[in-house]
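Listed below, chain by chain, are the residues.
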Amino acid sequence: MGEPLLRVENLVKHFTLKAGLLSAEVDRVRAVDGVSFTIDAGETLGLVGESGCGKSTTGRCVLRLIEPTSGEIWFEGRNVTALDGAGLRRMCRDMQIIFQDPYASLNPRMTVGAIIGEALVIHKLARGRREFEERIVQLLETVGLHAEHMRRYPHEFSGGQRQRIGIARALAVSPKLIVCDEPVSALDVSIQAQVINLLEDLQERLNLTYLFIAHDLSVVEHISDRVAVMYLGRIVELASARDLYASPKHPYTEALLSAVPIPDPAAKRRRIVLEGDVPNPIRPPAGCHFHPRCPRAMARCRQEAPLLRDLGSGRMAACHLND
């Protein structure tokens, strides 16, 4: 087995809370609290969890859009966390992002051609106006839009079309890895399927690798090779999509899967209802972060934080029930 395309080791991101005239630090939000995973070339890793669990922050740290507090990020054998200046700019060509909100992520004062072509200008990838426009047209057609769309503005498009523009922008520099930050959560269900199918088609044609962030487990099951489940800044389970959906090894994963709707009205599933709210990330619980809501918590769970351990066959889980 070769070196993975992306390797994240013990990633931590804390946001400082300040107060007073001197802006003194009063506390920290522990958004990401020791996350590790790998992604192989051509693979899709789904990253799922409730809102506020740290999955989007993880994706932004991987791209250095947010600076990690600690930990290491390795891409093609290069330590991304040690790069700056020209090295970081070159790395940006290989790692791109598709944002969640297609309405907020596009500059309303720029034409579609200018939005998609901005990266071409920054990285000097087009020689002259003709080559620039030819590349824009090619990108638009790749995502299912037309050449005449390059003269229009974002407000003239639907949500699904805007997200296609965002995808074309990410593809402009021919990246190897794309962080898809909940790319379909703001779209209608019928449009979601079209965008997911487009992403899968592009992955096959262009040999792309995805870190696919979402909270909809049915979407993640469709597109992902492996799935990592996050809870309060930590990964609690990581397995192939088939194994995780067939036989979850963490109580939180079981609860998430029990909430996924079943299209067959005659089918029955035992619903696991979690009591209470997600704990405050400023002061997370001692031991296992999930124990205050876990229906199977033991005394040990309140004192010891479980490690993400290998269960065999590529499965990993952080739960004392698997010891």
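Just above sits the structure.
Please read all numbers here as calculations on a predicted model, not as lab measurements.

The rules behind the values
Residues numbered from 1 in each chain as written. Predicted model: local features only at pLDDT ≥ 70, side-chain atom pairs only at ≥ 80, totals over all residues. Heavy atoms only, no water. Helix = DSSP H or I, 4+ residues; strand = E, 2+ residues; numbered from the N terminus. Buried < 20%, exposed > 50% of the residue type's maximum accessible area, 1.4 Å probe, protein only. Contact = heavy atoms within 4.5 Å. Lys, Arg positive; Asp, Glu negative; His and termini not counted. Charge placed at Lys NZ, Arg CZ, Asp CG, Glu CD. Pairing = 2+ DSSP bridges. Axes fitted to C-alpha atoms, helices over the stretch in contact; angles between N-to-C directions. Core = buried A, V, L, I, M, F, W, Y, C linked by side-chain atoms within 4.5 Å. Salt bridge = Lys/Arg side-chain N within 4 Å of Asp/Glu carboxyl O. Parallel < 35°, antiparallel > 145°, perpendicular 65-115°, else oblique. Left-handed = near helix turned anticlockwise from the far one by under 90°. Phe/Tyr/Trp six-rings, centres within 6.5 Å; stacked < 30°, edge-to-face > 60°. Lys NZ or Arg CZ within 6 Å of the ring centre and 35° of its normal. Polar contact = N/O pair within 3.5 Å; in protein donor to acceptor, adjacent residues only side chain to side chain.

1. Description of the overall build of the protein chain
Of the regular secondary structure elements, the protein chain holds nine helices and twelve strands. Projected onto its principal axes, the C-alpha positions of the protein chain cover 70 × 60 × 45 Å. Burial analysis of the protein chain (323 residues in total) assigns 48% to the buried set. Within the protein chain, residue pairs in contact and separated by at least 24 positions form 63% of the contacts whose partners lie at least 6 positions apart. Positive and negative side-chain charges of the protein chain, numbering 40 and 39 respectively, have mean locations separated by a distance of 3 Å.

2. Let's talk about the environment of A317
Residue placement: A317 occurs in strand β12 (residues 315-317). For the pair formed by A317 and P248, sequence separation is 69 residues and the distance between their alpha carbons is 9.1 Å.

3. Describing helix α9 (residues 251-258)
Among the eight residues that make up α9, seven are buried, leaving the element largely enclosed by the rest of the structure. Every buried residue of α9 is accounted for by P251, Y252, T253, A255, L256, L257 and S258. Contacts from the buried residues of α9 go to α7 (217-223), β9 (226-231), β10 (234-240) and α8 (241-246).

4. Digging into the sheet that holds β10
Strand order in the open sheet formed by eight strands is β6-β7-β8-β3-β9-β10-β12-β11, and the pairing between neighbours is mixed. Every interior strand has two partners, whereas the edge strands, β6 (95-98) and β11 (309-312), have only one. Between one strand axis and the next, the sheet turns through 20° on average, direction left out of account. Pairing of strand β7 (residues 177-181) with strand β8 (residues 209-214), which is carried by five bridges, proceeds in the parallel orientation. Bridged to I178 within β8 is Y210.

5. Examining the nonpolar core
By size, the foremost hydrophobic cluster in this structure holds 58 residues, and its most contacted members are I116, I167 and F212. One finds L11, V62, F75 and V179 within the second-largest nonpolar core, a separate group that totals 31 residues.

6. Here we look at the pattern of salt bridges
Scanning the entire structure with this criterion turns up 20 salt bridges. A salt bridge links E50 to R293; the shortest N-O distance between them is 3.3 Å. Here R293 lies in the loop between α9 and β11 and E50 lies in the loop between β3 (44-48) and α1 (55-62), a separation of 243 residues in the sequence. Since its relative accessible area comes to 24%, E50 is described here as partly exposed. A residue is classified by how much of its surface remains accessible, and R293, at 10% relative accessible area, is buried. Taken together, the shared-partner salt bridges connect E76, R78, D94 and K176 into one network.

7. Some points on helix α3 (residues 112-122)
Residues of α3 that are buried: V112, G113, I115, I116, G117, A119 and L120. Against α4 (128-142) and α5 (159-171) lie the buried residues of α3. A positive backbone phi angle near 55° is found at K124, which sits one or two residues after α3.

8. Side note on the packing of α5 against helix α6 (residues 189-206)
Where α5 meets α6, the axes come as close as 10 Å, and the angle between the chain directions of the two elements is 20°. Compared by their axis directions, α5 and α6 come out roughly parallel. As α5 packs across α6, the resulting crossing turns out to be right-handed. Residues G160, R164, I167 and L171 of α5 lie in contact with α6, whose contacting residues are I191, Q194, V195, L198, L199, L202 and L206.

9. Examining the packing of aromatic side chains
Taken as a whole and judged by the stated rule, the model has three aromatic pairs. Ring centres of Y231 and F290 lie 5.1 Å apart, and the angle between their planes is 80°; on these two criteria the pair is classed as edge-to-face. A residue pair is termed long-range when its members are at least 10 positions apart, and Y231 in strand β9 and F290 in the loop between α9 and β11 qualify at 59 residues. Considered together, Y231 and F290 belong to a single accessibility category, that of buried residues. An aromatic cluster is defined as three or more aromatic residues linked by ring pairs; in this entry it consists of Y231, Y252 and F290. The ring of F15 has K13 sitting right over it, with the charged end atom 5.0 Å from the ring centre.

10. Considering the side chain of H291
Here H291 is to be found in the loop between α9 and β11. Of the polar contacts made by the side chain of H291, one reaches the backbone oxygen of C288; its length is 2.8 Å. Setting aside chain neighbours within four positions, we find H291 in contact with P285, A286, A297, C301 and R302.

11. Points about unusual backbone geometry
The phi angle at R64 is positive, at roughly 65°, despite the residue not being glycine. Within the secondary structure layout, R64 lies in the loop between α1 and β4 (70-75). Here L232, not a glycine, exhibits a phi torsion of approximately 50°, which is positive. Inspection of the secondary structure assignment puts L232 in the loop between β9 and β10.

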